[in-house]
Amino acid sequence: MPIDDARQRLTDINDRIARAAQLAGAPRPATLIAISKMHDADAIRPLIAAGQRVFGENRVQEAAAKWPPLKAETPDVALHLVGQLQSNKAEEAVDLFDTIHSVDRPSLVTALAAAMARTGKRPDCFVQVNIGDEPQKGGCAIGDLPELLAQAREAGLPVVGLMCVPPLDTEAAPYFALLAKLAREQGLDGLSMGMSGDYETAAMIGATHIRIGTALFGARA
Ligand SMILES: *Cc1c(COP(=O)(O)O)cnc(C)c1O
């Protein structure tokens, strides 16, 4: 993608996020995370050149192969993990990512706490909630959230908010509103919600972090 196209897409999406935040009376617009999964370094560089500094990946292996050289070129890039994380990759994830959006079970909390102790790195963490109660999706059950959060805080994880991926092909707003309510109840400010198809809705409901792949990069192969 030419740099001008990258700049245009970024400007358009950031404008839409800013307008939605203004409508909602949000104190500041959400952070746009450019989800670069399945796109190679050559697809990513135009967005970096256009000023984007926050990127997201859904797999540790893919990110570990792709990002170290890109980070060497542009050290102020922040990298977010938005996909499910296996406990045996916790240390690699803690080393590579600045923020982890997919903390969703007690065994992973334990693994992340140990990885943080070993590496001395402390990425911000979002607890992922299975907001539509879908068996095939990651995220902790709504009923398990208070206990998981208590464990994560006890273990010293820097928990900054909640994350969700609502069910496909349904109106996302009620799920976003529910996540916002859960975060309020738990005293958390961060809300990682909204993707290419529903990010303006998410922004109006108070998203602080919006995860966009397709609308920035085009369709994934
Ligand atoms: C792929 C992915 C996104 C981005 O989805 P798009 O619809 O391409 O914008 C956001 N969040 C998660 C967790 C993802 O896996």
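Structural data are supplied above this passage.
Since we're looking at a predicted model, the values are computed, not measured. (Residues numbered from 1 in each chain as written. Predicted model: local features only at pLDDT ≥ 70, side-chain atom pairs only at ≥ 80, totals over all residues. Heavy atoms only, no water.)

If you walk through the whole model with that rule in mind, you get 14 salt bridges. Salt-bridge contacts for glutamate 62 lead to lysine 66; the nearest nitrogen and oxygen are separated by 3.0 Å. Separated by four residues within a single helix, glutamate 62 and lysine 66 lie in helix H3 (residues 60-73), roughly one turn from each other. Put simply, aspartate 98 and lysine 71 hold a salt bridge, and the shortest N to O gap is 3.2 Å. One end of the pair, aspartate 98, is in the loop between helix H4 (90-96) and strand S4 (99-103); the other, lysine 71, is in helix H3, and 27 residues separate them in sequence. (Salt bridge = Lys/Arg side-chain N within 4 Å of Asp/Glu carboxyl O. Helix = DSSP H or I, 4+ residues; strand = E, 2+ residues; numbered from the N terminus.)

This part covers the environment of alanine 64. As for its placement among the helices and strands, alanine 64 is situated in helix H3. Residue classification places alanine 64 among the partly exposed positions, given a relative accessible area of 25%. C-alpha of alanine 64 to C-alpha of phenylalanine 97: the two residues are 33 residues apart in sequence and 9.6 Å apart in space. Residues in contact with alanine 64, not counting those within four places in the same chain, are Glu92 and Leu96. (Buried < 20%, exposed > 50% of the residue type's maximum accessible area, 1.4 Å probe, protein only. Contact = heavy atoms within 4.5 Å.)

Our next topic: helix H7 (residues 173-185). For H7, with 13 residues, the first-to-last C-alpha span of 18 Å sits near the 18 Å given by 1.5 Å per residue. For H7, the set of buried residues is Phe176, Leu179, Ala180, Leu182 and Ala183. Here the buried residues of H7 occupy an arc of 160° about the axis, which is enough to place them on one side. Residues of H7 that are exposed and point more than 90 degrees away from the buried face comprise Arg184 and Glu185. Buried-residue contacts for H7 involve helix H6 (145-154), strand S6 (159-163), strand S7 (190-192) and helix H8 (199-204). Backbone geometry just downstream of H7 places glycine 187 in the positive-phi region, at approximately 70°. (Expected span 1.5 Å × (residues − 1). Arc of directions from axis to C-beta.)

Remember, this is a structural readout, not a statement about activity or role.
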